[in-house]
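Residue-level structural notes
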Amino acid sequence: MSTAAAQVHEEDHGHHHKETFITKYIFSQDHKMISKQYLITGLFMGIIGIAMSLLFRLQLAWPEQPMGIMSALLGKWAPDGVMDPNVYLALVTIHGTIMVFFVLTAGLSGTFSNLLIPLQIGARDMASGLLNMISYWLFFLSSVIMVLSLFVEAGPAAAGWTIYPPLSALPQAQPGSGLGMTLWLVSMAIFIASSLLGSLNYIVTVLNLRTKGMTMSRLPLTIWAFFITAVIGVVSFPVLLSAALLLIMDRSFGTSFFLSDIFIQGEVLHYQGGSPVLYEHLFWFLGHPEVYIVLLPALGITSEIIATHSRKPIFGYRAMVASILAIAFLSTIVWGHHMFISGMNPFLGSVFTFTTLLIAIPSAVKAFNYITTLWKGNLQLNPAMLFSIGLVSTFISGGLTGIILGDSTLDINVHDTYFVVAHFHLVMGISALYGLFAGVYHWFPKMFKRMMNKNLGYLHFWVTAICAYGVFFPMHFIGMAGLPRRYYTNTAFPYFDDLANINVVITIFALIAGAAQLVFLYNFIHSIFYGKPTEQNPWRSNTLEWTAPIKHIHGNWEGKIPEVHRWAYDYSKPGHDEDFVPQHIPLKEGEEELQH
Amino acid sequence: MTILLTLVVLVLIAISIWQITKIFELSQAKKENTQIADDYDNRWNGQLMFAFLIFIYAITLFSFWKWGDVLLPDASSEHGIEYDNLMWISFAIIFFTQTITQALLHYFAYKYRGEKGKKALFYADNDRLEAIWTIIPVIALAGLILYGLYTWTDIMTVEENEDALVVELYAQQFNWKARYAGEDGVLGDANVRFLQDFDGKNLVGIDATDPNGFDDVVVQELHLPAGREVIFKMRSQDVLHSAYMPHFRAQMNCVPGMITEFAFVPTVTTEEMRQTDDIKAKVKKINAIRRENSQALLAKGEEALEPYVFDYLLLCNKICGASHYNMQMKIVVETPEEFQKWMDDQQTFAEVIQ
């Protein structure tokens, strides 16, 4: 099947060379171009998301003090330079939505699944270039709508990124639940369609278009991670879509799926018999797997980069694949740990505690395997490698506090406090962001034919790494002190007055971290045009993408697609002169393939 | 003006980055201009990896030394003691694992930094090692899960108890009310449909046709007797709220359309709590901060801040709208006698609607 498809493609790929500007750069069906489109859109959304976080960090550090930057950026939403409470909630809501979905789902998974799946499995392109193109443009459309929602008169959605009804369902409850919320829902519905098209494409491509010799057990771990991520996406995103549709029905057509017995603004509403808890179940049925949709691609990228730059095989390939599968399976049966105190039956809480804490096991296996891969390696500390090591560090630091939050008992008192904020930012936010950066530094030569500047990369990493801990480590203390998240200010409680200086420290670290991202942005844009031209295989890597010509051509390889004869991790294998043996090099006479 | 300054600063930063890059490039002009890490890069980045390990330890210790006193004081409820135990056991495991794994990770990154001509060890698999680090977490987690589940069941099982005090916590944007069941110990039926009865005097929507409701007492300040079980029934009239009482290690969401439950036994009265060393130190520190802030306010011609006195708090911990950050109620824990005296002064529902 795969060879037949490839053959057909091979025969007619000569005709594709005459491309207009539009088909090449805009409505391109080429996975490499689509990957770049995803990356650049994702980075653009990332700038918005990070800028928002800096704005609300300013408010938290110096609450209600007039600041010029507020009136400059927020205009009438910051009368006299003081941010309005509704705007604060809108900013945290849109920050969360943009970072989780637009940057770390589409920007990370979209970019690297598109770039690497065909190149690393040895395919001419995705199974369906057309669907791939539609997937990107739906993502683009949803991004545009999300950004447009920022300019709505009453403000964008402001009910938190989880948009729990009734707050999100009733325009009377807060200004953001009017047109802003409608646009949020429309944008997300389109986003889900985009994500589903993308995921289906990834799954079909991985299953059907692998080159000769590329068995599943020889797949690079990146591909395993992207593949399983796509499967989780296909299983869980439709449930969010249904939740969004039911919420739209409640909002616009008077149904009562999530609403019951409500009295607001002096008026009894007609809703009867619905339950917000139902929405919470539906939301977290996606919401929790979403964490792994964000994280697994980052872990896949890290596996590949740590092995390549350690000049060592990844330790425990089979265990790594098994732990990806275990995490994927478990991720679909733990959503209730977000709802221990939602009012659901406490017995369910017990079940979800059990399944949740089980996730620590495959996670521990992964962490230890990364560490063992470094052991006795010959580490090439390129920026990509630094970010990968940084990922393992934040994955451990953030993951460990999950033991507290996943335990229903302990969750009672830290639920929805800053402890949670610190936990998930480290374990999925910062970790996945590091994965994204690692991927960009590593595959930049493949995407843009040039190298990024390493010294700026080092500067970027070290400042970011220090600031990430500087921001999120102290944040645990604020949470353990009992301060709830999503508070516009804590000045309403004199009890929390002694947290003010911690907030200042956090904000200063956040501002420096934000500035460090400008270094990255500068490096990224500058290198696209003026970077040093790359060699064929700059990292001396084993995977197939480095055998494809530097100049992007439609169909990826001139002539035949390389055949695969070994796994992707023959680094420093005894009996070879070089410290790497690419996958397309046949086994030497008498050489044994590792039984992994 | 500020915008202009900010822009100027940004431009200057961009220029300095550009210049630094230039300097870097010029200083490496002799070497081949490659953007791939060489031995020099591996060395200094490896050393920084080791320094970073020290940084992680340092920031941990620093935070505890500097901010350890902001953490919540010992629990003021019966189950809270169990809660705190479990928390400290979990933390011990977390810190142990964190210390070891971060050390290994960063030390290896330093120790095995690359050198030209060195070859890495070809080491791809070891089933025994894999088994070890699968089984160790399994054992640790089994312990935590069992202890956790035991405590959870203990906390969440609300048994019928004749002596218990039944209190309804009623949430609305953006305040709390509490309703006591009165003499009969039974809360009268209630629904948001009755909120507009009696010219708005029916604050939590008690059903006037249910006789159980007449002796109910609705208040704006939560009083609890120490040493007696309190069964909370949570309601909300508009959006989700969450009743969070951090000092008692207690929290439950308030969901429109349903009644949720949480029960605990408060053990330390507000007066006793104010006399503990933890709270005395905290209050002192907070008042020092407030005095400082007051001076700034007075200089601007505004009023000074009131000195702070400790009280237990009920906070809203589920995003509920603009004033979410200020949705609070004072909790007073007192001796049963004081509680009874306070209760006798309150008006019952029957009295309110007359």
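Cut-off values and rules
Within each chain, residues carry numbers counting from 1 in the order of the written sequence. Key to labels: chains lettered from A, ligands numbered from 1, both in the order written. Selection of residues for local features in this predicted model requires a pLDDT of at least 70, selection of side-chain atom pairs for listing and counting requires 80 or more, and totals for whole chains, interfaces and linings are taken over all residues. Only runs of H or I of at least four residues qualify as helices and only runs of E of at least two qualify as strands under DSSP, and these elements are numbered from the N terminus. The globule rule is 2.2 Å times the number of residues to the power 0.38, and the radius of gyration it is compared with is taken over C-alpha atoms. Put simply, a residue is buried when 20 or more other C-beta atoms lie within 10 Å of its own C-beta and exposed when 12 or fewer do; between those, it is partly exposed, and each C-beta is set from the backbone. We call two residues in contact when their backbone-placed C-beta atoms lie within 7 Å. Angles shown run from 0 to 180 degrees and are taken between the N-to-C directions of axes, each axis being a line fitted to C-alpha atoms and, for helices, limited to the stretch in contact. Just so you know how the angles are binned, under 35 degrees is roughly parallel, over 145 roughly antiparallel, 65 to 115 roughly perpendicular, and the rest oblique. Note on convention: the crossing is left-handed when the near helix lies turned anticlockwise from the far helix by less than a right angle, right-handed when the turn is clockwise. Here the term charged refers only to Asp, Glu, Lys and Arg, the term nonpolar to Ala, Val, Leu, Ile, Met, Phe, Trp, Tyr, Cys and Pro, and the term polar to all other amino acids, Gly among them. Pairing between strands is defined by DSSP: at least two bridges between them are needed. In this analysis, the expected span of each helix is defined as 1.5 Å times one less than the number of residues it contains. The predictor reports its confidence for every residue as pLDDT, a score running from 0 up to 100.

The next subject is the overall build of chain B. Check the secondary structure of chain B and you find 8 helices and 10 strands. The C-alpha radius of gyration of chain B comes to 30 Å, more than 25% above the 20 Å expected for a compact globule of 354 residues. When its C-alpha atoms are laid out on the principal axes, chain B stretches across 95 × 65 × 40 Å. Of all 354 residues assigned to chain B, the portion counted as buried reaches 38%. Long-range pairs, those at least 24 residues apart, make up 68% of the contacts in chain B with a sequence separation of at least 6.

This part takes up the overall build of chain A. Check the secondary structure of chain A and you find 18 helices and 2 strands. The globule rule puts the C-alpha radius of gyration for 596 residues at 25 Å, and the 24 Å found for chain A is close to it. Principal axes of the C-alpha set define a box for chain A whose edges measure 80 × 50 × 45 Å. Here chain A, with 596 residues, has 64% of them falling under the buried criterion. Here the contacts in chain A between residues at least 6 apart in sequence split such that 80% fall between residues at least 24 apart.

Turning our attention to the packing of helix α9 (residues 276-310) of chain A against helix α16 (residues 418-448) of chain A. All names here are of chain A. Close contact between α9 and α16 brings their axes to 8 Å; oriented N to C, the two are set at 40 degrees. Classified by the angle between their axes, α9 and α16 sit oblique to one another. For the pair α9 and α16, the sense of crossing is left-handed. Between α9 and α16, the residues in contact are Val291, Val294, Leu295, Pro297, Ala298, Ile301, Thr302 and Ile305 and Met428, Ser431, Ala432, Tyr434, Gly435, Leu436, Ala438, Gly439 and His442, respectively. Its residues assigned to classes, the contact of α9 with α16 comprises 12 nonpolar, 5 polar and no charged.

Our focus in this paragraph is the pairing of strand β7 (residues 250-254) of chain B. All names here are of chain B. With 5 of its 5 residues buried, β7 lies for the most part within the structure. In β7, alternate side chains face the same way, and those of Ala250, Met252 and Cys254 on one face and Gln251 and Asn253 on the other are all buried. Alignment of strand β6 (residues 241-245) against β7, held across 5 bridges, turns out to be antiparallel. By the bridge assignment, His241 is partnered in β7 with Cys254. Hairpin connection, β6 to β7: the antiparallel pair is bridged by 4 residues, and Arg249 has positive phi, about 55 degrees.

The next point concerns the environment of Gly575 of chain A. All names here are of chain A. Within the secondary structure, Gly575 is located in the segment after α18 (500-530). Look at Gly575 and you get exposed, because 10 C-beta atoms sit within 10 Å. Along the backbone, Gly575 and Val471 are 104 residues apart, and their C-alpha atoms lie at a distance of 48 Å. Discounting chain neighbours no more than four positions away, the residues touching Gly575 are Lys588 and Glu591.

Our next topic: the interface of chain B and chain A. How big an interface is tends to be reported as the loss of accessible area on association of its parts. In this assembly, 106 residues from chain B lie in contact with 119 residues from chain A. For the side of chain B that touches chain A, the secondary structure elements donating two or more residues are α1 (2-27), α2 (39-67), α3 (78-111), α4 (127-156), β6, β7, α6 (277-299) and β9 (312-316) of chain B. Class assignment of the residues belonging to the side of chain B that touches chain A gives a composition of 61 nonpolar, 32 polar and 13 charged.

Among all residues save glycine, negative phi is the norm, and among peptide bonds the norm is trans. Here the bond from Pro165 of chain A into Pro166 of chain A is cis, since omega is 0 degrees, no more than 30 degrees from zero. Within the secondary structure, Pro166 of chain A sits in the loop between α6 (129-148) and α7 (179-208). With phi around 60 degrees, Glu64 of chain A is a residue other than glycine that occupies positive phi space. Here Glu64 of chain A shows up in the loop between α3 (31-61) and α4 (68-74). The partly exposed category is assigned to Glu64 of chain A, around which 14 C-beta atoms lie within 10 Å. Backbone geometry places Phe198 of chain B, a non-glycine residue, at a positive phi of 55 degrees. On the basis of neighbour count, Phe198 of chain B is assigned to the partly exposed category, with 15 C-beta atoms found within 10 Å.

This next bit is on helix α10 (residues 317-331) of chain A. With 15 residues, α10 of chain A ought to run about 21 Å at 1.5 Å a step, and its terminal C-alpha atoms sit 21 Å apart, in line with that. Where α10 of chain A is concerned, the buried positions are Tyr317, Ala319, Met320, Ser323, Ile324, Ile327, Ala328, Leu330 and Ser331 of chain A. Where α10 of chain A is buried, its residues contact α8 (221-253), α9, α11 (346-358) and α12 (360-374) of chain A together with α4 of chain B.

Moving on, we get to the sheet that holds β9 of chain B. In a beta sheet, neighbouring strands are held together by backbone hydrogen bonds and run either parallel or antiparallel to one another. Residue and element names in this part refer to chain B. Pairing in this open sheet of 5 strands is mixed, and the strands run β4-β10-β9-β6-β7 from one edge to the other. Across the chains shown, the open sheet's two edge strands, defined by having one partner strand only, are β4 (222-225) and β7. Averaged over all pairs of adjacent strands, the angle between strand axes in this sheet comes to 20 degrees, irrespective of strand direction. One ladder, built from 4 bridges, connects β9 with strand β10 (residues 328-334); its direction is antiparallel. For Leu313, the partnering residue across the bridge sits in β10 and is Lys330. In the packing of helix α7 (residues 336-344) onto the sheet, contacts are made with β4 and β10, and the angle to β4 comes to roughly 140 degrees.

This part covers the confidence of the model for chain A. Of all residues in chain A, 97% have pLDDT values of 70 or greater, and the mean over the chain is 93. Counting contacts from residues 1-15 of chain A, a segment whose pLDDT is below 50, to residues more than four positions away or on other chains yields 13 contacts.

Residue and element names in this part refer to chain B. Strand order in the open sheet made by the 5 strands is β3-β2-β1-β5-β8, with mixed pairing throughout. Either end of the sheet is taken by a strand with one partner, and the two such strands are β3 (217-219) and β8 (260-264). Across the sheet, the mean angle separating the axes of adjacent strands is 25 degrees when strand polarity is ignored.

Residues and elements named next belong to chain A. Tracing the backbone shows His526 in helix α18. A tally of 17 C-beta atoms within 10 Å means that His526 is categorised as partly exposed. Linking His526 and Asn453, residues 73 residues apart in sequence, is a C-alpha distance of 9.0 Å.

What follows is about the pairing of β4 of chain B. Walk down a regular strand and you will see the side chains alternate between the two sheet faces. All names here are of chain B. Side-chain alternation along β4 places Leu222 and Leu224 on one buried face and His223 and Pro225 on a second face that is also buried. With 4 bridges joining them, β4 and β10 adopt parallel strand pairing. Within β10, the residue paired with His223 across the bridge is Val332.

Take the packing of helix α13 (residues 383-400) of chain A against α3 of chain B next. At a minimum axis distance of 10 Å, the contact between α13 of chain A and α3 of chain B shows a crossing angle of 175 degrees. The pairing of α13 of chain A with α3 of chain B is recorded here as roughly antiparallel in orientation. Counting all contacts with α13 of chain A, which are made through Ile389, Val392, Ser393, Ile396, Ser397 and Leu400 of chain A, the residues of α3 of chain B involved are Ile94, Thr97, Gln98, Thr101, Gln102, Leu105 and Ala109 of chain B. Here the residues of the contact of α13 of chain A with α3 of chain B sort into 7 nonpolar, 6 polar and no charged.

Another aspect to go through is the confidence of the model for chain B. When pLDDT is averaged along chain B, the result is 91; 95% of the residues meet or exceed 70. Interface predicted TM-score (ipTM) for the complex: 0.92; the corresponding pTM is 0.93.

On to the environment of Val206 of chain A. Residues and elements named next belong to chain A. Position of Val206 relative to the elements: it lies in helix α7. For Val206, a count of 26 C-beta atoms within 10 Å corresponds to the buried category. It is 9.1 Å that separates the C-alpha atoms of Val206 and Ala123, two residues lying 83 residues apart in sequence. If near-sequence neighbours (up to four positions away) are discounted, Val206 is found in contact with Ile117, Ile121, Ile223 and Phe227.

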